[in-house]
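So you can see what is in the structure, the chains are spelled out below.
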Amino acid sequence: MSNISSKILTEILPIAIPEALLQRCFDQGAQIYPEECCGVLSGAVDAPGTLDGFHPVENIINRLHKEDPERYPRSGKDGYVMEPQTLFKLERQLGKEGREVRVYYHTHPDVGAYFSEEDQKRAMWGDAPLLPGVFFLVCGVKDRKPDGAILAWWDETARAFTSAQVLDPPTA
């Protein structure tokens, strides 16, 4: 990977994140920094476990926060909401093309890569995952540079989210 020197730990992950797609997530994060960026990664329905599509989606949380700060207390520096119409149209278009969303991604500026309590809360519907079978990629970005990445998914046996390091943060 051109700007990422750490090892990708694909042997322990349930789905491999191609280096080129991971780099694109970090590139988008560097562009949007110091705010969170977001989007989805897709793959062909007839090729389970593969990813080859990168689809950035606008983070509209600043607009929502401005309109209703009580309901949306976070800003783009510590939160995201994917623009719903864009996401809906994208999912429909992918379906027409025989493709599907497999990974939702976002960045964490300056705090490292982890599946936060807020991330987990937003990924649930009651006591079940909102999007069963979908993965969540969180890329840390610090000073516009990669700062680690994790992949999270619902573990039905544990009835909880689990995660694994995709990219180690740089060492000091």
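Quick notes on the rules
- Position numbers for residues count from 1 along each chain, tracking the sequence in the order it is written.
- The predicted nature of this model means local features are confined to residues of pLDDT at least 70 and side-chain atom pairs, given and counted, to a pLDDT of 80 or more, with totals for whole chains, interfaces and linings taken over all residues.
- Where side-chain values are given, they derive from all heavy atoms of the structure, hydrogens and water being excluded.
- Labels follow the DSSP assignment, with helices taken as runs of H or I lasting at least four residues and strands as runs of E lasting at least two, numbered in each case from the N terminus.
- It is over C-alpha atoms that the radius of gyration is taken, and the globule rule equals 2.2 Å times the number of residues to the power 0.38.
- In this scheme, a residue with accessible area under 20% of its type's maximum is buried, one over 50% is exposed, and one in between is partly exposed, where area comes from a 1.4 Å probe on protein chains only.
- Only heavy atoms matter for contacts: two residues are in contact if any of them lie within 4.5 Å across the pair.
- Every accessible area reported is derived by Shrake-Rupley at a probe size of 1.4 Å, with residue values counting cover from the shown protein chains alone.
- Each patch is built from salt-bridge-free residues with over 30% relative accessible area, joining like charges within 9 Å and nonpolar side chains (Val, Leu, Ile, Met, Phe, Trp, Tyr) within 5 Å.
- By salt bridge we mean one thing: a side-chain nitrogen of Lys or Arg within 4 Å of a carboxyl oxygen of Asp or Glu.

K.L.:
Honestly, the overall build of the chain in this entry has me stumped. Any pointers?
P.N.:
When its secondary structure is counted, the chain shows four helices and eight strands. Its helices and strands taken in sequence order, the chain reads α-β-β-α-α-β-α-β-β-β-β-β from the N to the C terminus. Against the globule reference of 16 Å for 172 residues, the chain gives a C-alpha radius of gyration of 15 Å, in line with a compact fold. Judged by the C-alpha coordinates and their principal axes, the chain covers about 45 × 45 × 35 Å. Considering the chain as a whole, with its 172 residues, one finds that 47% of them fall into the buried category. In the chain, of all internal contacts separated by at least 6 residues, the share reaching a separation of at least 24 is 61%. Per element, the accessible surface of the chain, about 9,500 Å² overall, is 51% carbon and sulfur.

K.L.:
Is there a simple way to think about a nonpolar patch on the surface in this case?
P.N.:
A cluster of nonpolar side chains, contributed by W125, L130 and L131, occupies part of the molecular surface with about 330 Å² of accessible area. Residue class for L131 comes out partly exposed when judged on its relative accessible area of 30%.

By themselves, these figures tell us nothing about what the structure is for.
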